Amino acid sequence: MRDQALEVLISEDEIRERVAALAERISSDYAQANDLLLVGVLRGAFIFLADLARLLTVPHKIDFISLSSYERGDRPTGAVRLLLDLRSEIEGRDILIVEDIVDTGHTLEYLKQSLSARRPASLKTCALTQKPARHEVPVEIDYLGFEIPDVWVVGYGLDFEDRFRTLPHIAVIDPTSG
Ligand code: PRP
């Protein structure tokens, strides 16, 4: 399947505008914070995080965590496994989780539980996209880019079998074709 054949769901311009608006809100909300740590969830969030972070006007640091969901067949079981932990201590710090997509919500739920157990000063979430129709647990996102329908999306960090992550826009892909 070739990149050009994919239908654009969210254009590059729309993403740029929305990311700038999120960065403005986050910068305003954290204006008084003195130890903000952005936690990017690998791998999908790396492009969103890079763009968002460069638009923030407040001091911040960056770390990464990597998680994977257990699947049975091609269906998620809801169980989440930690693949790569943070390098930073987070106790007493302001933590903002940065995700590319919230699908079933299990990854975010696991992350919130496991990071809050480390006693940060605050813990909030920022996600570029979410699919409300797919949520299996209650999901609260403090800073959300876009709600999207229950379709498979790629681009701007999102992948299908590890491809298409570097498309500048978000596109719909039919995983059953070609
Ligand atoms: C995606 C995404 C989230 C998670 C969300 O990661 O980046 O971390 O799935 O799914 P959930 O809400 O159903 O838990 P994925 O496992 O595809 O890995 P990747 O980021 O490396 O592509």
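See the structure shown above.
Keep in mind that this is a model prediction, so the values were computed, not measured.

Topic: the overall build of the chain
Counting secondary structure elements, the chain contains three helices and nine strands. Here the chain has a C-alpha radius of gyration of 16 Å; the compact-globule value for 178 residues is 16 Å, and the two agree. C-alpha atoms of the chain, sized along the principal axes, occupy 50 × 35 × 25 Å. Per-residue burial for the chain yields a buried fraction of 44% across its 178 residues.

Here we look at the nonpolar core
Phe-48, Leu-52 and Leu-96 are the most contacted members of the largest nonpolar core, which has 29 residues in total. Residues contacting Phe-48, with those up to four places away along its chain left out, are Val-19, Leu-22, Val-98, Glu-99, Cys-126, Ala-127, Leu-128 and Tyr-156. Judged by nonpolar contacts, the second largest core, of 17 residues, contains Leu-67, Val-80, Ile-95 and Ile-97.

Brief notes about the pattern of salt bridges
Oppositely charged side chains may form a pair once their charged atoms are brought near each other. Across all of its chains, the model carries 10 salt bridges by this definition. Where Asp-159 meets Arg-165, a salt bridge forms, and the shortest distance between an N and an O atom there is 3.5 Å. Taking relative accessible area as the criterion, Asp-159 reaches 24% and is therefore assigned partly exposed. Residue Asp-162 is joined to Arg-165 by a salt bridge in which the shortest nitrogen-to-oxygen separation is 2.6 Å.

Focus: the sheet that holds strand 1 (residues 7-10)
Two pairing modes exist for strands in a sheet, parallel and antiparallel, and in both the strands are linked by backbone hydrogen bonds. Spatially, the three strands line up as an open sheet ordered 1-9-8, and their pairing is antiparallel. The sheet is open, and its two borders are formed by strand 1 and strand 8 (152-154), each paired with just one other strand. Neighbour to neighbour, the strand axes of the sheet diverge by 45° on average, direction disregarded.

Some points on the side chain of Thr-125
Its place among the elements puts Thr-125 in strand 6 (residues 122-130). Thr-125 gets classed as buried once you look at its relative accessible area, which sits at 1%. Sequence-distant contacts of Thr-125, that is, excluding residues within four places in its chain, are made with Leu-96, Ile-97, Leu-108, Lys-112, Glu-140, Ile-141, Asp-142 and Tyr-143.

Focus: the site of the ligand
In the region of the ligand, 15 residues are neighbours, and Glu-99, Asp-100, Thr-104, Gly-105 and Thr-107 sit closest. At 2.5 Å, a side-chain N or O of Thr-104 approaches an oxygen atom of the ligand. Within the backbone of Gly-105, a nitrogen or oxygen atom sits 2.8 Å from an oxygen atom of the ligand. Protein chains shield 80% of the accessible area of the ligand, which is 500 Å² for the free molecule. Elements supplying a minimum of two residues to the shell around the ligand: strand 2 (36-42), strand 5 (94-102) and helix 3 (106-116).

Remarks on the packing of aromatic side chains
A complete count under the given rule lists one aromatic pair for this structure. Seen in terms of ring centroids, Trp-152 and Phe-160 are 5.6 Å apart; in terms of plane orientation they differ by 85°. Their pairing is edge-to-face. The class for Phe-160 is buried, based on a relative accessible area of 13%.

Reading the values: the criteria
- Residues numbered from 1 in each chain as written.
- Predicted model: local features only at pLDDT ≥ 70, side-chain atom pairs only at ≥ 80, totals over all residues.
- Heavy atoms only, no water.
- Helix = DSSP H or I, 4+ residues; strand = E, 2+ residues; numbered from the N terminus.
- Rg over C-alpha atoms; globule rule 2.2 N^0.38 Å.
- Buried < 20%, exposed > 50% of the residue type's maximum accessible area, 1.4 Å probe, protein only.
- Core = buried A, V, L, I, M, F, W, Y, C linked by side-chain atoms within 4.5 Å.
- Contact = heavy atoms within 4.5 Å.
- Salt bridge = Lys/Arg side-chain N within 4 Å of Asp/Glu carboxyl O.
- Pairing = 2+ DSSP bridges.
- Axes fitted to C-alpha atoms, helices over the stretch in contact; angles between N-to-C directions.
- Near = heavy atom within 4 Å.
- Polar contact = N/O pair within 3.5 Å; in protein donor to acceptor, adjacent residues only side chain to side chain.
- Areas by Shrake-Rupley, 256 points an atom, 1.4 Å probe, with all protein chains shown as cover.
- Phe/Tyr/Trp six-rings, centres within 6.5 Å; stacked < 30°, edge-to-face > 60°.

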